[in-house]
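Overview (structure and organization)
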Amino acid sequence: MVGEGGLEPPHPFGYRHLKPARLPIPPLALRLRNNSPTAETGNCASLNARLTGTVGSVMVLKKVENRLERIFERSLSRPFKTSLQPIEIGARIIREVDLTRRLSSQGPISPNHVRVWLGPVDADRFHGFQKALIAELEETVRQHAISEGYNFVGPVKVEVFIDDDLKAGNLAVKTEFVGGESQPRLIGDDGRSFVLGDRPLVIGRSPDVDVVINDTNVSRRHAEVWRTSDGVAVRDLQSTNGTFVNGHRVSAVSLSPRDDITVGPLHLRIELA
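Residues numbered from 1 in each chain as written. Predicted model: local features only at pLDDT ≥ 70, side-chain atom pairs only at ≥ 80, totals over all residues. Heavy atoms only, no water.

1. Focus: the nonpolar core
For clarity, the threshold we go by: What we call a nonpolar core is a set of buried Ala, Val, Leu, Ile, Met, Phe, Trp, Tyr and Cys residues that are connected through their side-chain atoms within 4.5 Å. Buried, partly exposed and exposed residues are distinguished by accessible area as a fraction of the type maximum, computed with a 1.4 Å probe on protein chains only: under 20%, between the cut-offs, and over 50%, respectively. Note on conventions: DSSP H or I runs of at least 4 residues are helices, E runs of at least 2 residues are strands, and numbering of each starts at the N terminus.
Within the largest apolar cluster, 19 residues are counted, with the highest numbers of intra-cluster contacts made by Leu186, Ile203, Val225, Leu255, Ile261, Leu268 and Ile270. The set of elements that each furnish at least two residues to this core consists of β12 (201-204), β15 (232-236), β19 (261-263) and β20 (266-271). Per element, the largest residue contribution to this core is three residues, and it comes from β20.

Encoded structure:
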């Protein structure tokens, strides 16, 4: 396989090496090394001091920390009591996002591609959790953007690499703006996720709809969510008990990622990137 640093041997942990060992380093890879972000030591005690965002940033990180702790507690892996903590990676990402954001006529723009470098020791400690960790880090970027009012130029993506030169507890982060068409999704508080395509997503109690809610307070065809030229909207389908957005009963309204959609017992939100 040919990567950004030349030929890359298969790696058992699912990460990618930008600095493959025992292989010649071509000129491009050498330039990437010289321009790579500065490594920083993780330190939970100084976490809040390193954050440049608002109270919302701390709340976002706390939620991520709680979710990751639940994942790790269900495993037989070694606990994360020393060295690099998952929340420290999230904190560093938030810091870089805030430092590299841009202003536009539509408001502040957040970088949407994040690359993280870990040392071999820390990468080994995250063995078995790569997908869960990356998913939570991507969610960290999205939730931080919502809390700060940032927009994206394309889908959010987080990649994790191994840097053989990094010591345990150190990491490096680089953010980029990469354009692309986002694929909106409808996210339920029960963990379900639904991609919004060309046709509306119908929500209801009937087993034939797209988002099934098995609750007597929900009509068989209760509401629908669909893509518009300006974003995403929701429409109540003359349900008995109504569709609510941010606590207000609605017939039809445009949605933003900040909005809370309630259908019966289920709370939903829109994810645009």
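Moving on from the model shown.
2. Things to note about the environment of Asn217
What counts, and what does not: Contact definition: two residues touch when any of their heavy atoms are within 4.5 Å.
Tracing the backbone through its elements, the reader meets Asn217 in the loop between β13 (211-212) and β14 (223-227). Along the sequence, Asn217 and Arg205 sit twelve residues apart, while their C-alpha atoms lie 8.8 Å from each other. If we skip the residues at most four places from it in the chain, Asn217 touches His222 and Asn241.

3. Description of the sheet that holds β15
So the rule is basically this: When DSSP finds at least two bridges between two strands, those strands are taken to pair.
Ordered in space as β13-β12-β14-β15-β18, the five strands form an open sheet in which the pairing is mixed. For this open sheet the edge positions go to β13 and β18 (252-255), each flanked by a neighbour on one side alone.

4. What to know about the environment of Gly197
By secondary structure assignment, the location of Gly197 is in the loop between β11 (193-195) and β12. Distance from Gly197 to Arg185, taken between C-alpha atoms, is 8.8 Å for residues twelve residues apart in sequence. Discounting chain neighbours no more than four positions away, the residues touching Gly197 are Gln183 and Arg227.

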